[in-house]
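# Observations on the model geometry
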Amino acid sequence: ALIRAEGGAVTAEQLAPLLAPAELPPDESEADGADATLVREPWVTDALVALGGEPTVTEEGDIVYVFSELMASAGEEAPPRT
């Protein structure tokens, strides 16, 4: 319902309360401060695969997960998955 309510596109922060991601151990590059832009959200992968989603990057550089099949509006039927 959340993904449909958001027009089929959500962020990891929106999915987190639903998917209850486990704490990730600190990455060595994070400890060194080598790459502050590193984004690790492997827990999203299962939802992407199960619901036919794909990651996209906005012009602002944010990662948004798009679920085309869940973009159907009320009264419309989503196309069948192949």
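Now for a description of the structure that goes with this document. (Residues numbered from 1 in each chain as written. Predicted model: local features only at pLDDT ≥ 70, side-chain atom pairs only at ≥ 80, totals over all residues. Heavy atoms only, no water.)

## Re the overall build of the protein chain
Scanning the protein chain from terminus to terminus reveals 4 helices and 3 strands. Listing each helix as α and each strand as β along the protein chain from the N terminus yields α-β-α-α-α-β-β. Out of the 82 residues in the protein chain, the part that is buried amounts to 18%. Across the protein chain, the fraction of contacts at a sequence separation of at least 24, relative to all contacts at a separation of at least 6, is 43%. Counting only carbon and sulfur atoms, one obtains 54% of the accessible surface of the protein chain, whose full area is about 6000 Å². (Helix = DSSP H or I, 4+ residues; strand = E, 2+ residues; numbered from the N terminus. Buried < 20%, exposed > 50% of the residue type's maximum accessible area, 1.4 Å probe, protein only. Contact = heavy atoms within 4.5 Å. Areas by Shrake-Rupley, 256 points an atom, 1.4 Å probe, with all protein chains shown as cover.)

## As for the sheet that holds strand S1 (residues 9-10)
Ordered by their spatial adjacency, 3 strands build an open sheet running S1-S3-S2, and the pairing between neighbours is antiparallel. Looking at which strands have only one partner, the edges of the open sheet turn out to be S1 and strand S2 (54-57). Relative to strand S3 (residues 63-66), S2 runs antiparallel, the two sharing 4 bridges. Within S3, the position partnered with Glu54 by the bridge is Val66. (Pairing = 2+ DSSP bridges.)

## Considerations on the nonpolar core
Core analysis: the largest hydrophobic core is formed by 9 residues, namely Ile3, Val10, Ala12, Leu15, Val44, Leu48, Tyr65, Phe67 and Leu70. Elements with a minimum of two residues in this core: helix H2 (12-19) and helix H4 (44-51). Discounting residues that sit within four places of it in the chain, Leu15 has contacts with Ile3, Val10, Trp43, Val44 and Tyr65. (Core = buried A, V, L, I, M, F, W, Y, C linked by side-chain atoms within 4.5 Å.)

## Some points on a negative patch on the surface
Taken together, Glu13, Glu59, Glu60 and Asp62 make up a surface patch of like negative charges. Mapped onto the elements of the fold, Glu59 is located in the loop between S2 and S3. Classification of Glu59 by relative accessible area gives exposed; the value is 83%. (Patch = residues over 30% accessible without salt bridge, like charges linked within 9 Å, V, L, I, M, F, W, Y side chains within 5 Å. Salt bridge = Lys/Arg side-chain N within 4 Å of Asp/Glu carboxyl O. Lys, Arg positive; Asp, Glu negative; His and termini not counted. Charge placed at Lys NZ, Arg CZ, Asp CG, Glu CD.)

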